[in-house]
Amino acid sequence: MVRAKKATASPGRLGDLSSSSSGSLEGAARGRNTTIVIPCYNEAERLRTDEFLAFARREHDTQLLFVNDGSTDDTSDVIRSMRRRCPDSIDVVDMPVNVGKAEAVRRGMQIGCMSGSRFVGFWDADLATPLDHVAMFKEVMEDKPEVDMVFGARVGLLGRDIRRSMKRHYLGRVFATLASITLGLGVYDTQCGSKLFRVDDRGDLETVISMPFHTRWVFDCEMIGRFSALRRSRVRGGVRKWGKVDGGDMSGSIYEYPLHRWEDVGGSKVKSSDVIKMAWGLMQVRRRYFWRRWPE
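Residues numbered from 1 in each chain as written. Predicted model: local features only at pLDDT ≥ 70, side-chain atom pairs only at ≥ 80, totals over all residues. Heavy atoms only, no water.

Caption draft 1: Region of the structure containing the packing of helix H6 (residues 166–183) against helix H10 (residues 274–289). Contact pair H6 / H10: the axes reach a minimum separation of 9 Å and the direction vectors enclose 10 degrees. Viewed along their axes, H6 and H10 adopt a mutual orientation that is roughly parallel. Residues Leu-171, Phe-175, Leu-178, Ala-179, Ile-181, Thr-182 and Leu-183 of H6 lie in contact with H10, whose contacting residues are Val-275, Met-278, Ala-279, Leu-282, Val-285 and Arg-286. Within the contact of H6 with H10, the residues separate by chemical class into 11 nonpolar, one polar and one charged. (Axes fitted to C-alpha atoms, helices over the stretch in contact; angles between N-to-C directions. Helix = DSSP H or I, 4+ residues; strand = E, 2+ residues; numbered from the N terminus. Parallel < 35°, antiparallel > 145°, perpendicular 65-115°, else oblique. Contact = heavy atoms within 4.5 Å. Nonpolar A, V, L, I, M, F, W, Y, C, P; charged D, E, K, R; others polar.)

Caption draft 2: Region of interest: helix H4 (residues 101–114). Here H4 is 14 residues long and its end C-alpha atoms lie 20 Å apart, about the 20 Å a rise of 1.5 Å per residue gives. Of all 14 residues in H4, 12 are buried; the element is thus mostly enclosed. Taken as a whole, H4 has its buried residues at Ala-102, Glu-103, Ala-104, Val-105, Arg-106, Arg-107, Gly-108, Met-109, Gln-110, Ile-111, Gly-112 and Cys-113. A positive backbone phi angle near 95 degrees is found at Gly-116, which sits one or two residues after H4. (Expected span 1.5 Å × (residues − 1). Buried < 20%, exposed > 50% of the residue type's maximum accessible area, 1.4 Å probe, protein only.)

Caption draft 3: View of the nonpolar core. Grouped together as the largest cluster of nonpolar side chains are 41 residues, with contacts concentrated most on Met-109, Phe-122, Phe-197, Leu-205, Ile-209 and Met-223. In terms of residue count, the dominant contributor to this core is helix H8 (residues 219–236) (seven residues). (Core = buried A, V, L, I, M, F, W, Y, C linked by side-chain atoms within 4.5 Å.)

Caption draft 4: Geometry of the pairing of strand S2 (residues 34–40). Counting buried positions over the seven residues of S2 gives seven, a clear majority of the element. Taken together, the seven bridges between S2 and strand S3 (residues 62–69) define a ladder with parallel strand orientation. Bridge pairing in S3 places Val-37 opposite Leu-65. (Pairing = 2+ DSSP bridges.)

Caption draft 5: Local environment of helix H3 (residues 75–85). Those residues of H3 that sit buried are Thr-75, Ser-76, Val-78, Ile-79, Met-82 and Arg-83. Within H3, the buried residues cover an arc of 165 degrees as seen down the axis, which keeps them to one side. (Arc of directions from axis to C-beta.)

This is how it looks when you write it as C-alpha cells:
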C-alpha cells in the first residue's frame, strides 16, 4: 500500500516537547518506518541487552527509543551502553524525574510521531513479548489498511507458548470483562505490554497522545477511549447517544494478535491489589470519554 506523505503535526496535536520537563533527548527520532518506545524504570537487572542489540542490528527500518523514567539504579548506564554499540537504531530519552509508565510512553510516542514514522508503538522492557513480534504486527498493518492498532493478546492456544500464572490469568479475565463493558468492545486483552499504532494523515494518534493521560494504570484503555471519542465526534458531531456506549466504530480498527510466545517475567511492578486501582481507572475512562465530548 502506498501511503501519502504525512503532513507535519501541529504543536496543538503533539504539545511542546522542547521544555526541560520533557527530558533530555539524544538523537531521538531519526525518521525510521517504525518507532518502538521502551519505557524503563529501574530495569537494569532485567534488560536483555543482547536481544535488543540483535534486533536493532537486524531491523534497520525500526528505531528503538528507550525512555529512562527517572531510574535510580544503573538503567541509564545500561541503555546508553546499548546506544553506543548501535547508535543508528537505538535512541535514549532521559526523564529528570519519575513520571510513570503512562507518561513515559506518551512522550516517547510523541517523538516517534514527530520523526515521521508510519508506525509507532510501545513494548515492555522485560521483553515478555519477544521483539520478533514487531514484524508480525507490522505485517498486519500492511495487509489490513483499515486497522489502526495491533495489540498483543496472551491467548493460551495449542501450539503457542504463553507462560502466565493461573492467578494473573484469571485476574486478567475479570479485568478484560470490565474493560469490554467500559469500552463497548469485545476486547480480549487490553493490558498486554506490546502494542503498535498507525500514524495516519488525520492525526488521530497525535491528538490522542497530545495531553497527559488521566489514568495511570489503564492508559491503554484510555487511549482506546480517546480514539473512540474522536470517531464518534465525526459521526455524530460530538453528541452522545445517552444510555448507549457504542464502540462499533472502533471494532474494525483494532486487531488483537494472538502472541506466539509470552512469559511472565519476574520482577513485575504490578501487584494484585492494583486491580482495584485499574477498575477505578476504567470508571474514569467511561465518564470522560463516553459520557462527555472529547476533546472538549
